[in-house]
Amino acid sequence: MSFDLSATDCRILTTGGYLEKNDVVAIVDNVCRVFGCHKDKIHDLSPLQKGLSNITLTFVIDGTRYVYRHPGVISQTLVDRQKEAAAQQVAQEHGINTTLIHTCPSEGWKIERYLFSRKPDYRSPSDVAKAIALMHRLHRLDISARWAVDIWEGINSIRRKLPPDLSPLWQALGGARS
């Protein structure tokens, strides 16, 4: 499915929420700014039904497929986009992630090259070896972050941001350590 920007209603449900026409227009504007192109160069703008809280689309420019991540309402609350962007930049600089084209932490969107791939098979010795080699490579890097990670504070921060109607669910799951 592709979006017709001339249509009066192009609202579509994705795994990350509803995508409204004004969102599509903003996405197209962002893509045009990043690639320095006119909207006529963007083809096959369609939802990629993956992910839990973001709206993810694919599109094609000059025969190359890209992924656009548009922030969902909940993800803006849960994810620190400044830290995410810093981590992605480090991964890009060290060749761990070579797909990043552009990220906008203040608005929560990013563009990456689309990877035509398959899911790893964790029963495959070859796939496991590749995954472990990549993890070793990442952990051997001499890098540091400007922030500390406190997993329990993160969990409790998320809990504090949850709507009150989800409180019983939180309690049923056992809450988090204080």
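Residues numbered from 1 in each chain as written. Predicted model: local features only at pLDDT ≥ 70, side-chain atom pairs only at ≥ 80, totals over all residues. Heavy atoms only, no water.

A.B. asks: A description of the side chain of arginine 65 should follow, citing residues and the corresponding values.
C.D. replies: Within the fold, arginine 65 resides in strand β5 (residues 64-70). Within polar-contact distance, the side chain of arginine 65 engages the side chain of aspartate 44 at 2.6 Å. Within the structure, the side chain of arginine 65 is placed 3.0 Å from the side chain of threonine 58, a separation counted as a polar contact. In this view, arginine 65 contacts Asp44, Thr58, Phe59, Val60, Arg113, Tyr114 and Phe116; residues no more than four positions away in its chain are not counted. (Helix = DSSP H or I, 4+ residues; strand = E, 2+ residues; numbered from the N terminus. Polar contact = N/O pair within 3.5 Å; in protein donor to acceptor, adjacent residues only side chain to side chain. Contact = heavy atoms within 4.5 Å.)

A.B. asks: Kindly report on the layout of surface pockets, identifying the contributing residues and their values.
C.D. replies: Empty space among the atoms can be located by rolling a probe the size of a water molecule over them. Considered as a void within the structure, the second largest pocket measures approximately 440 Å³ in volume. If you trace the second largest pocket, you find 16 residues lining it, with Leu78, Asp80, Lys83, Val149 and Gly154 closest to the centre. Elements with a contribution of two residues or more to the lining of the second largest pocket: α2 (73-78), α3 (81-93) and α5 (151-161). A total of five residues in the lining of the second largest pocket trace back to one element, the largest contributor, which is α5. Of the residues that constitute the lining of the second largest pocket, the class distribution is seven nonpolar, four polar and five charged. (1 Å grid on protein atoms, 1.4 Å probe; cavity = no way out; pocket = protein on both sides within 12 Å on 5 of 7 lines; lining within 4 Å. Points joined across faces, edges and corners; volume = space filled by probe spheres on them. Nonpolar A, V, L, I, M, F, W, Y, C, P; charged D, E, K, R; others polar.)

A.B. asks: Give me the lowdown on helix α1 (residues 21-35), citing residues and values where you can.
C.D. replies: With 15 residues, α1 extends 21 Å from end C-alpha to end C-alpha; this agrees with the ideal 21 Å at 1.5 Å per step. Turning to α1, its buried residues number three or more, namely Asp23, Val24, Ile27, Val28, Asn30, Val31 and Cys32. Downstream of α1 by one or two residues, glycine 36 has phi in the positive range, about 60°. (Expected span 1.5 Å × (residues − 1). Buried < 20%, exposed > 50% of the residue type's maximum accessible area, 1.4 Å probe, protein only.)

Bear in mind that shape data such as this cannot, by itself, settle questions of function.
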